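Given next are the chains, with one letter for each unit.
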Amino acid sequence: MFKKILIANRGEIACRVIRSAQKMGIATVAVYSDADARSPHVEMADEAVHIGPPPAAESYLLADKIIAACKETGAEAVHPGYGFLSERESFAKALDEAGITFIGPPPAAIAAMGDKIESKKLAKKAGVSVVPGHVGEIDDTEHAVKISSEIGYPVMMKASAGGGGKGMRLAWNEQDVREGFEATKREGLASFGDDRVFIEKFIEQPRHIEIQVLGDKHGNIVYLGERECSIQRRHQKVVEEAPSPFVDEEMRKAMGEQAVALAAAVDYHSAGTVELIVGADKSFYFLEMNTRLQVEHPVTENVTGVDLVEQMIRVAAGEKLPFKQGDITLNGWSVENRVYAEDPYRGFLPSIGRLVRYNPPVAANSAYPERSRGAGPSEAEDHDGEIVSAELDTVSRLRSTRTDTVSIPTSLRVDDGVAEGGEVSMFYDPMIAKLITYAETREAAIDLQIDALDRFELEGLGHNLDFLSALMQHPRFRSGEITTNFIAEEYPDGFEGAPADETLLKRLSAIAGFAAVAHSDRARRVSGQLDGPLQPPADWVVEIDGSAHDVHVDLDDVSVDGEAMELAMAYAPGDRMIAAEFGGEALTVKIRPGRYGFTVTTRGASHEVRTLPKHFAHLVRHMIEKEPPDLSKFLLCPMPGLITALHVGEGDKVEAGQPLAVVEAMKMENILRAEKAGVVSTVAAAEGDSLQADDVILEFE
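One structure accompanies this document, and this report is about it. Please read all numbers here as calculations on a predicted model, not as lab measurements. (Residues numbered from 1 in each chain as written. Predicted model: local features only at pLDDT ≥ 70, side-chain atom pairs only at ≥ 80, totals over all residues. Heavy atoms only, no water.)

**A closer look at the overall build of the protein**
The number of helices and strands found in the protein is 16 helices and 42 strands. The C-alpha atoms of the protein give a radius of gyration of 27 Å, which matches the 27 Å a tight globule of 701 residues would have. Taking the principal axes of its C-alpha atoms as reference, the protein extends roughly 85 × 65 × 50 Å. Within the protein, buried positions represent 56% of all 701 residues. In the protein, of all internal contacts separated by at least 6 residues, the share reaching a separation of at least 24 is 66%. Put simply, the protein shows about 28,900 Å² of open surface, and 49% of that area lies on carbon and sulfur atoms. (Helix = DSSP H or I, 4+ residues; strand = E, 2+ residues; numbered from the N terminus. Rg over C-alpha atoms; globule rule 2.2 N^0.38 Å. Buried < 20%, exposed > 50% of the residue type's maximum accessible area, 1.4 Å probe, protein only. Contact = heavy atoms within 4.5 Å. Areas by Shrake-Rupley, 256 points an atom, 1.4 Å probe, with all protein chains shown as cover.)

**A closer look at the sheet that holds strand β38 (residues 659-665)**
Pairing between the strands of a sheet comes from backbone hydrogen bonds, and it takes one of two forms, parallel or antiparallel. Spatial strand order, β39-β38-β36-β41: four strands in an open sheet with antiparallel pairing. Each edge of the open sheet carries a strand with a single partner, namely β39 (668-673) and β41 (690-691). Pairing geometry for strand β36 (residues 641-646) and β38, over four bridges, is antiparallel. What sits directly across from A645, in β38, is V662. Relative to the sheet, helix α8 (residues 174-192) contacts β38 and β39, its axis offset from that of β39 by approximately 150 degrees. (Pairing = 2+ DSSP bridges. Axes fitted to C-alpha atoms, helices over the stretch in contact; angles between N-to-C directions.)

**As for unusual backbone geometry**
For residues besides glycine, phi is generally negative; the peptide bonds are generally trans as well. Put simply, Y153 and P154 share a cis peptide bond, and its omega is 0 degrees. Structurally, P154 can be placed in the loop between α7 (141-151) and β7 (155-163). The phi torsion at D545 lies on the positive side, around 50 degrees, for a residue other than glycine. You can see D545 is positioned in the loop between β26 (539-544) and β27 (547-553). Exposure remark for D545: the relative accessible area of 46% places this residue in the partly exposed category. In this structure, D694 is a non-glycine residue whose phi angle is positive, near 75 degrees.

**Section: a negative patch on the surface**
Among the surface-exposed residues, D139, D140, E182 and D195 lie close enough to one another that they form a single negatively charged patch. Take D140: it is sitting in the loop between β6 (133-134) and α7. D140 gets classed as partly exposed once you look at its relative accessible area, which sits at 38%. (Patch = residues over 30% accessible without salt bridge, like charges linked within 9 Å, V, L, I, M, F, W, Y side chains within 5 Å. Salt bridge = Lys/Arg side-chain N within 4 Å of Asp/Glu carboxyl O. Lys, Arg positive; Asp, Glu negative; His and termini not counted. Charge placed at Lys NZ, Arg CZ, Asp CG, Glu CD.)

**What about the nonpolar core?**
Counting 41 residues, the largest nonpolar core has I231, Y358, I432, L458, L471 and M472 as the members making the most contacts within it. With sequence-adjacent residues up to four places away left out, I432 is seen in contact with V339, Y340, A341, Y358, D416, G417, V418, V424, L458 and L461. With 35 residues, the next largest nonpolar core counts L214, V309, V315 and L321 among its residues. (Core = buried A, V, L, I, M, F, W, Y, C linked by side-chain atoms within 4.5 Å.)

**A short note on α8**
Over its 19 residues, α8 extends 26 Å from the first C-alpha to the last, a length consistent with the 27 Å expected when each residue adds 1.5 Å. Its maximal kink placed at G180, α8 deviates by approximately 35 degrees. Of the residues making up α8, those classed as buried are V177, G180, F181, A183, T184, K185, E187, G188 and S191. N-cap assignment for α8: the residue whose side-chain oxygen lies 3.2 Å from the backbone N of Q175 is N173. (Expected span 1.5 Å × (residues − 1). Bend = angle between axes of the 7 residues up to and from the residue. Polar contact = N/O pair within 3.5 Å; in protein donor to acceptor, adjacent residues only side chain to side chain.)

**Considerations on the environment of V213**
Here V213 lies in strand β10 (residues 207-215). Residue class for V213 comes out buried when judged on its relative accessible area of 1%. The sequence separation of V213 and S351 amounts to 138 residues, and the corresponding C-alpha distance is 34 Å. The contacts of V213, once residues within four sequence positions are left out, are V222, Y223, L224, A259, V260, S270, A271, G272, T273 and M289.

**As for the sheet that holds strand β29 (residues 563-565)**
With antiparallel pairing, nine strands are arranged side by side in an open sheet as β29-β28-β27-β26-β34-β33-β32-β31-β30. Every interior strand has two partners, whereas the edge strands, β29 and β30 (567-568), have only one. Here strand β32 (residues 585-593) pairs with strand β33 (residues 597-602) via four bridges, running antiparallel. Counterpart to R592 in the pairing with β33 is T599.

**Notes on the packing of aromatic side chains**
Taken as a whole and judged by the stated rule, the model has 12 aromatic pairs. Centre to centre, the rings of Y60 and Y428 are 5.8 Å apart; their planes meet at 80 degrees, and the pair counts as edge-to-face. Placement of Y60 in the loop between β3 (47-52) and α3 (63-73) and of Y428 in the loop between β23 (423-424) and β24 (431-439) is noted, with a sequence separation of 368 residues between them. Centre to centre, the rings of F427 and Y428 are 6.3 Å apart; their planes meet at 55 degrees, and the pair counts as tilted. Through a chain of ring-to-ring contacts, the aromatic side chains of Y345, F348, F467, Y491 and F495 assemble into a single cluster. If you follow K282 out to its NZ or CZ, it ends over the ring of F246, 5.4 Å from the centre. Directly above the aromatic system of Y596 lies the positively charged group of R610, at a separation of 5.0 Å from the ring centroid. (Phe/Tyr/Trp six-rings, centres within 6.5 Å; stacked < 30°, edge-to-face > 60°. Lys NZ or Arg CZ within 6 Å of the ring centre and 35° of its normal.)

**Overview of the environment of Y32**
By secondary structure assignment, the location of Y32 is in strand β2 (residues 27-33). Distance from Y32 to L458, taken between C-alpha atoms, is 24 Å for residues 426 residues apart in sequence. For Y32, the residues in contact, after removing those within four places along its chain, are A37, H41, V42, A48, V49, H50, I51, G52 and Y60.

**Re the pairing of β36**
Examined bridge by bridge, β36 and β41 share two bridges and lie antiparallel to one another. Directly across from L642, in β41, lies its bridge partner S690.

**Considerations on the packing of helix α5 (residues 107-114) against helix α6 (residues 116-125)**
It is the contact of α5 with α6, at a shortest axis distance of 5 Å, that shows an interaxial angle of 100 degrees. The angle between α5 and α6 falls in the class roughly perpendicular. Across the interface between the two elements, A112, M113 and G114 from α5 touch K116, E118, S119 and L122 from α6. A breakdown of the residues in the contact of α5 with α6 according to their chemical character gives three nonpolar, two polar and two charged. (Parallel < 35°, antiparallel > 145°, perpendicular 65-115°, else oblique. Nonpolar A, V, L, I, M, F, W, Y, C, P; charged D, E, K, R; others polar.)

**A word on the state of the cysteines**
Going through the model one piece at a time under the given rule, you end up with zero disulfides. A disulfide-free cysteine, C70 has its sulfur positioned 18 Å from the sulfur of C15, the nearest such atom. Since its relative accessible area comes to 2%, C70 is described here as buried. (Disulfide = S-S within 2.5 Å.)

Written out as structure tokens, the structure reads:
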């Protein structure tokens, strides 16, 4: 077995590999760019080597720097994680030539499966079902239009070396091909150094299901069940689960055997994933094979009990797999949500900035090794802990009767590579963390997600916690009737928060009224009237989501619109989170004071709540509301990024939907379109400019 390995990656996956290596007693070496000098993976590793400036092309993608770091530290092997150099045949060969073991598949397998065009030819030869399409070279846009017409719309244009949702465009007609072909080529070149594109038929109402395979150097290959990855946005996975609610045992066996046959055809060893597109009739077709560890590997670990990272290391060291196909069983259900630095309330635009607050919902949670973390299935099931509310004299008289603790689910795992005070930069992927739950049933695993998302504290930048919670609550998702079109179909006009029913709004009103009394009591005490007769108002008007509720709070009870609430909670001004119970039903609410009340966040939405003492609430209608400025005549940069193209100039007339500019951020091109017809009066930016969010690009007459 290796004594020391180097992890040629950063962030969450670097931390994940380090944890398994440490469990095995293997010393670890981290590499880092200037941007990651204080990142958790650097602190976790036994040693760390600086490899360059923030851009990946000048640090993490330089094989010679990785090899030099191995020689400097004496690392015998390299685990590439995913992304960066993980699927570079040249990197695996360079390591071999340097006498360093690559913890991954053989270079020939990487080459065969890394080329999406050649891999389809190999899959077909191996007897694997493939999607109809054109797998040859495409000369230019006109050639792409001709091919697309022959295949029949809709079609999918994909970068040959692509992955992770990058370098992909769906075309419903000729105009989409003309607009998207060159962009697909550019994204492929920028992200993977290869601008070749292939085109295939887009399967409507499809599911995205993948098979995990694992092989050793002795010819043994097994499949470890499937993962459902259909919940995607812009072809990037958002939610994954194992097993799939759609797959039966017969289908699982058929897909698994084809995946193993494909792996055997290229003499595969290590972990790999065969991705399939699945039709409503349970037909399935080969998409691609990822010759690396997948982001979503934890759900497979949970239901199989196999630590995939550990097995990758053991296989690379020459060990045989400790199990055969008949030994693999799937137990329980696991769901993973990807927490992204993006703002779903602004069209999912990427967000960068400092993590002013970062507190995941795991007991003793930390990215550092001296504190307990999920490190594969062996540690993912034992995160017992509790939230205990301290007794505070200033609100002791306001406390309702409640239990002293609220249990934290024991089957909760957070994989991350960030820490409070750290920064999410524009140079790398926007994923902040992965939230993974495990339970006996699918419904229970989903419910654990909802509870954990309510308790996940993340402040300082845009994030998708509300959106993930909304997905978990959505009736269609919970039914299992999902496709890759789910998000586009269910949120066609964007995301505005999960809908709240009347029961939830009344419960939030009760909590807000309780908190308002606590703040009023604190103000009374701070003003020096501790011994005076003045008491906080007991009756309040609470306005939330366009409705108003009469809330009464006293020593004995809380009522909303005359209805007694069986509420158990504690709150003191300054608390960021409230663990409440309504008749035994738990509800966790994040709370932040505002000018006239509070912002409360729970169950996938933030609500602005106004709390007013009832005796003067009727006077509010006389207050003048400040009108927000009209920004409709400006094209604003929606996120920090680089202007790569400007399609219009001063004096140009534009029509609604017309492309105006292209902003590149976090490795993705974002086309900005005109919201309405108009004439450009001023161009305030130029191609090549780096802009911040809300910087002006164009002004219209």
